[in-house]
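Spelled out, the chains give:
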Amino acid sequence: MNRPDRSEYYMAIAELASLRSTCLSRRVGAVIVKNDNPISFGYNGPARGVKHCEDIGGCKRRNMADYASGKYLELCPAAHAEQNAIAFAAKHGISTDGATIYVNTFPCKDCMNSIINSGITKVVYNSTYDAQLSKEIAEESGIIIEKFEGKNIVDLLSNANMIDPERLYGDYFNSLDDPNEKVKSLKRII
């Protein structure tokens, strides 16, 4: 049986949550797990009732002449996946104390502070993000940081015969060596 282990299962949920993102720059998803139960989910996007970037003419950050990843965050109306997952838990009275958060992209400094302050004790991430200060804050606070090393969601769904990327994408899919590129392909499939 091609059953995913728990870490693969939770990271797959985080990847699927990212599909709900409305961000035009980076789709991020998160799931908070406590006592081996998913208790909250989140993806990056604006607060309820606030227009999405695609509804206001595009991403203000990307329209800046010297745009770069992580720059001009003050122009972004979206909350990050980790913040939304923590806010959902708080709104519904769910304690995150001692929990683990699975996120498909390493948390930024602001999200790391929210993670620490919410009582989450472990972060499992899939892809990296240039966030040196975030790593330093996590280390100083004692947060456990773990790079996800399991099967990616494309492999999990392929092995379960839920998708057939080869049939859908043929030579293109097979030419992808980078697991993250395969995940992006899956997002286009779904």
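Located above this text is the structure these notes cover.
Residues numbered from 1 in each chain as written. Predicted model: local features only at pLDDT ≥ 70, side-chain atom pairs only at ≥ 80, totals over all residues. Heavy atoms only, no water.

J.: Just checking my understanding: could you explain the pattern of salt bridges for this structure?
T.: Using the criterion set out here, one finds four salt bridges in the structure. The salt bridge partner of K109 is D110, with a shortest N-O separation of 2.8 Å. Across the salt bridge formed by E146 and K122, the nearest N and O atoms sit 3.1 Å from each other. Of the two residues, E146 sits in strand β7 (residues 144-147) while K122 sits in strand β6 (residues 122-127), which places them 24 residues apart along the sequence. (Salt bridge = Lys/Arg side-chain N within 4 Å of Asp/Glu carboxyl O. Helix = DSSP H or I, 4+ residues; strand = E, 2+ residues; numbered from the N terminus.)

J.: It is not clear to me how the packing of helix α2 (residues 81-91) against helix α3 (residues 109-117) should be interpreted in this structure. Could you clarify?
T.: As a packed pair, α2 and α3 sit with axes 9 Å apart at the nearest point and diverge in direction by 25 degrees. By the angle between their directions, the pair α2 and α3 is classed as roughly parallel. Read as a crossing pair, α2 and α3 show a hand that is left-handed. For the pair α2 and α3, contact is made by E82, Q83 and I86 and by D110, C111, S114 and I115, respectively. When its residues are assigned to classes, the contact of α2 with α3 shows three nonpolar, two polar and two charged. (Axes fitted to C-alpha atoms, helices over the stretch in contact; angles between N-to-C directions. Parallel < 35°, antiparallel > 145°, perpendicular 65-115°, else oblique. Left-handed = near helix turned anticlockwise from the far one by under 90°. Contact = heavy atoms within 4.5 Å. Nonpolar A, V, L, I, M, F, W, Y, C, P; charged D, E, K, R; others polar.)

J.: Which parts of the structure should I look at to understand the nonpolar core?
T.: Nonpolar side chains in soluble globular proteins tend to be buried together. Judged by nonpolar contacts, the single largest core of 23 residues is most densely connected at I32, I101, I115, I120 and V123. Breaking this core down by element, the ones donating at least two residues are β1 (29-34), α2, β5 (100-105), α3, β6 and α4 (132-141). Beyond its immediate sequence surroundings of up to four residues, I115 is in contact with E82, I86, I101, P107, I120, V123 and I143. Counting residues in each nonpolar core, the second largest holds nine residues, with M11, A14, V31 and V124 among its members. (Core = buried A, V, L, I, M, F, W, Y, C linked by side-chain atoms within 4.5 Å. Buried < 20%, exposed > 50% of the residue type's maximum accessible area, 1.4 Å probe, protein only.)

J.: Help me out: how do you make sense of the packing of aromatic side chains in this one?
T.: Working definition: an aromatic ring pair is given by the centre-to-centre distance plus the angle between the planes. Inspection of the entire model under this criterion finds three aromatic pairs. Each ring, one from Y9 and one from Y10, has its centre 5.2 Å from the other, and the planes form 50 degrees; the classification is tilted. Each ring, one from Y10 and one from Y102, has its centre 5.3 Å from the other, and the planes form 45 degrees; the classification is tilted. You can see Y10 sitting in helix α1 (residues 6-18) and its partner Y102 sitting in strand β5, a full 92 residues away along the chain. Note on accessibility: Y10 and Y102 belong to one class, buried. The rings of Y9, Y10 and Y102 are connected pair by pair, giving a single aromatic cluster. (Phe/Tyr/Trp six-rings, centres within 6.5 Å; stacked < 30°, edge-to-face > 60°.)

J.: Help me out: how do you make sense of the pairing of β6 in this one?
T.: Two faces make up the sheet, and in a regular strand the side chains alternate between them. The buried fraction of β6 amounts to five of the six residues, a majority that puts the element mostly inside the structure. By the bridge criterion, five bridges tie β5 to β6 in an arrangement that is parallel. Across the sheet, the residue bridging to V103 is Y125, located in β6. Following the backbone out of β5, through α3 and into the adjacent parallel β6, one traces a crossover that is right-handed. With four bridges joining them, β6 and β7 adopt parallel strand pairing. Bridging from a neighbouring strand, Y125 pairs with K147 of β7. Between β6 and its parallel partner β7, the chain crosses via α4, and the hand of that crossover is right-handed. (Pairing = 2+ DSSP bridges. Right-handed = clockwise from strand over helix to strand, strands pointing away.)

J.: Just to check I follow, could you spell out the environment of N113 for this structure?
T.: Tracing the chain through its elements places N113 in helix α3. The class for N113 is partly exposed, based on a relative accessible area of 28%. C-alpha of N113 to C-alpha of I137: the two residues are 24 residues apart in sequence and 7.6 Å apart in space.

J.: Would you mind showing me how to read α2 here?
T.: For an α-helix the count is 3.6 residues per turn, leaving residues at separations of three or four pointing the same way. For α2, the complete set of buried residues consists of A81, E82, A85, I86 and A89. Seen along its axis, α2 keeps its buried residues to an arc of 135 degrees; they face one direction. Residues A90 and K91 are exposed on α2 and point more than 90 degrees away from its buried face. Looking at the buried positions of α2, the neighbouring elements they touch are β1, β2 (37-43), β4 (78-79), β5 and α3. (Arc of directions from axis to C-beta.)

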